[in-house]
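# Structure assessment
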Amino acid sequence: MVDALFGDLAAEKEDQLTSHLNECAACSQLFTEMKGTLDVTKKVPDVLPPESYWAGFQQRLNDRIAVEQQQKQTDMLKEWGMALRRLFIPENSARFALPYQMGLAVVLVVIGVLIGRFGFNGSSTAPSLTSNVDSTAIKAMQVAEQTESYLNRSSILLLGLVNHDTESEGLAIPNFARKREAASTLVHDAAVLKASLKRSEEAQLYMLIEELEKVLLQIANLEMQQDVPGIEMIQEGIEGRALLLKINLETMKRMEIPASEPSNELSL
Amino acid sequence: MRFRDVVDEHQRGVYRLALQLTGHHQDAEDLMQDVFIKVHAKLDSFRGEASIKSWIYRITVNTYLNKRRKKALLFMKLRDDFDNTLTDARSNTERDAESNSIREHVHKALELLSPKERSAFALRHYNEYSVKEVAQALEVAEGTVKSLLFRAVKKLRKQLVFLVEE
């Protein structure tokens, strides 16, 4: 019968079914009701959201892809961290943890000495000033990378919220839980970044991170997906403080070529 | 094949199927995002053995079934108010009382189907998949699809028979 209902019945079998339905009132009624049910379910109008929704959807999808990729990187770093931790603190050796760590430390020192002696052939006595400069430069690079990643992630999150139009896209924020989690991670990361920036004396950037931290905290503390006053307050906060503009300016500033670097371009 | 073009071409079809499966706009959007995230991750490995539409619809149904398994959609009921708001915002022609009433009854009846019955029914009835294609999408035998469809229509008949015209 199901073949007949969905129009899949072969012609000869259809004749058989028709003759049976003509003779059997119960089957005939069941078939009529089932066919009628299928007709009713087709009467549901095809409702698609308006065009404005689809532009917003693309943006939300891109935001989510960016957040997920960021999350993947963070997870990978966490896994590496855990692997290193396991190397130093084996799970089933709580009693021997200290001797094990000490032993491992000795092995690492020995390896280091051997690398120093044979790997660098006695030329490892570089001036201490150079070493300090190198390590400062590396730290500065690390802070720059952290800052870039932080501003990028914040910008994606804030854009998603600022572009959310409650009138055309509905009251609820899409991927609310993920956005809140991302905000919470960024608040946490802000503390680490601020500590690094304090040392590097980047006062303007430090203030921007502080401003971002306040708005991100509000996002992390949103309790409901449809907290319209809360969302609007956050949107106003982002726009009022011109946070996206400040992020853009800071990003552009960081992309500038340093003045001391020689330029290959012709000057007019 | 650019990801953006794929989204542009298939987002409306995926939305329709997602709405048929979940019955709610917000859940349809969430499901649609999950689907396109997977498409984004796997697009490079898509070998073109099936059409891209079949491939994406298959991802849609599997994602829906997995979500149901994880009971993530337990919260769906809480969203009725939101979906009603969306309904109110629709065009005048759609406000036609009779068609709204039919839609409401059909959605409620579809909610009584099991996720697999609903998936089979949505693909065969609304998206004109053949029984063979439904079987491939759900990774079950064709006979199983027919059973799912029969059970689905029987359940729907119980709920909607009063709307069937004599």
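A brief structural summary.

Reading guide: rules and limits
- Residues numbered from 1 in each chain as written.
- Chains lettered and ligands numbered in written order.
- Predicted model: local features only at pLDDT ≥ 70, side-chain atom pairs only at ≥ 80, totals over all residues.
- Helix = DSSP H or I, 4+ residues; strand = E, 2+ residues; numbered from the N terminus.
- Contact = placed C-beta atoms within 7 Å.
- Buried ≥ 20, exposed ≤ 12 C-beta atoms within 10 Å, placed from the backbone.
- Axes fitted to C-alpha atoms, helices over the stretch in contact; angles between N-to-C directions.
- Parallel < 35°, antiparallel > 145°, perpendicular 65-115°, else oblique.
- Left-handed = near helix turned anticlockwise from the far one by under 90°.
- Nonpolar A, V, L, I, M, F, W, Y, C, P; charged D, E, K, R; others polar.
- Core = buried A, V, L, I, M, F, W, Y, C linked by C-beta atoms within 7 Å.
- Expected span 1.5 Å × (residues − 1).
- Arc of directions from axis to C-beta.

## What to know about the overall build of chain A
A count of helical and extended segments in chain A gives eleven helices and zero strands. Going from N to C terminus, chain A has its helices and strands arranged as α-α-α-α-α-α-α-α-α-α-α. Of the contacts made within chain A by residues no fewer than 6 positions apart, 71% connect residues no fewer than 24 positions apart.

## Section: the overall build of chain B
Summing up its helical and strand segments, chain B has eight helices and zero strands in all. Taken from N to C terminus, the helices and strands of chain B fall in the order α-α-α-α-α-α-α-α. Here chain B holds 166 residues, and 36% of them are scored as buried. For chain B, the proportion of contacts with a sequence separation of at least 24, taken over those separated by at least 6, is 67%.

## A word on the interface of chain B and chain A
On the side of chain A, 30 residues touch chain B, which itself brings 33 residues to the contact. Listing elements by their share of the side of chain B that touches chain A, those giving two or more residues are α1 (3–22), α2 (25–42), α4 (80–88), α5 (97–111), α6 (115–126) and α8 (142–160) of chain B. Top contributing element to the side of chain B that touches chain A by residue count: α8 of chain B, with seven residues.

## Structural notes on the packing of α1 of chain B against α6 of chain B
All names here are of chain B. The contact between α1 and α6 brings their axes to 9 Å, and the two run at 135°. As the angle between them shows, α1 and α6 are arranged oblique. Where α1 crosses over α6, the two elements pack in a sense that is right-handed. Contacts between α1 and α6 pair Leu-17, Gln-20 and Leu-21 from the former with Arg-118, Ser-119, Ala-122 and Tyr-126 from the latter. A per-class count over the contact of α1 with α6 returns four nonpolar, two polar and one charged.

## Focus on the nonpolar core
Ranked by size, the top nonpolar core spans 42 residues in total, and within it Ala-18, Met-32, Ala-120, Val-134, Leu-149 and Ala-152 of chain B carry the most contacts. If near-sequence neighbours (up to four positions away) are discounted, Met-32 of chain B is found in contact with Gln-11, Val-14, Tyr-15 and Ala-18 of chain B. The next biggest cluster of nonpolar side chains, apart from the first, holds 22 residues, and it includes Ala-182, Leu-205, Leu-216 and Ile-231 of chain A.

## Digging into the packing of helix α9 (residues 203–220) of chain A against helix α11 (residues 243–255) of chain A
All names here are of chain A. In the contact formed by α9 and α11, the axes pass within 11 Å of each other and the chain directions differ by 145°. Like other packed secondary-structure pairs, α9 and α11 cross with a definite hand, here left-handed. Within the contact between the two elements, α9 uses Leu-205, Leu-208, Glu-211, Leu-212 and Val-215 and α11 uses Leu-243, Lys-246 and Glu-250. Here the residues of the contact of α9 with α11 are counted per class, giving five nonpolar, no polar and three charged.

## Focus: helix α3 (residues 25–42) of chain A
All names here are of chain A. In this model α3 runs 26 Å from its N-terminal to its C-terminal C-alpha over 18 residues, within 8% of the 26 Å that 1.5 Å per residue would give. Residues of α3 that are buried: Met-34, Thr-37, Val-40 and Thr-41. Buried residues in α3, looked at end-on, bunch into an arc of 120°, giving them a common side. For α3, exposure combined with an orientation more than 90 degrees from the buried face picks out Ala-25 and Lys-42.

## Points about unusual backbone geometry
Residue and element names in this part refer to chain B. Unusually for a residue other than glycine, Glu-128 sits at a positive phi of about 50°. Looking at where Glu-128 falls in the secondary structure, it is placed in the loop between α6 and α7 (131–138). Phi angles above zero are rare outside glycine, and Glu-139 is one such case at about 55°. Position of Glu-139 among the secondary structure elements: in the loop between α7 and α8. Take Glu-139: there are 11 C-beta atoms within 10 Å of it, and that puts it in the exposed class.

## Some thoughts on α9 of chain A
Residues and elements named next belong to chain A. Helix length check: α9 (18 residues) gives 25 Å between terminal C-alpha atoms against 26 Å at 1.5 Å per residue, within 8%. Within the span of α9, buried status applies to Leu-205, Leu-208, Ile-209, Leu-212, Val-215, Leu-216 and Ile-219. Axial view of α9: buried residues confined to an arc of 130°, hence all on one face. Set apart from the buried face of α9 by more than 90 degrees, the exposed residues are Ala-203, Met-207 and Glu-210.

The analysis is restricted to geometry; functional conclusions fall outside its scope.
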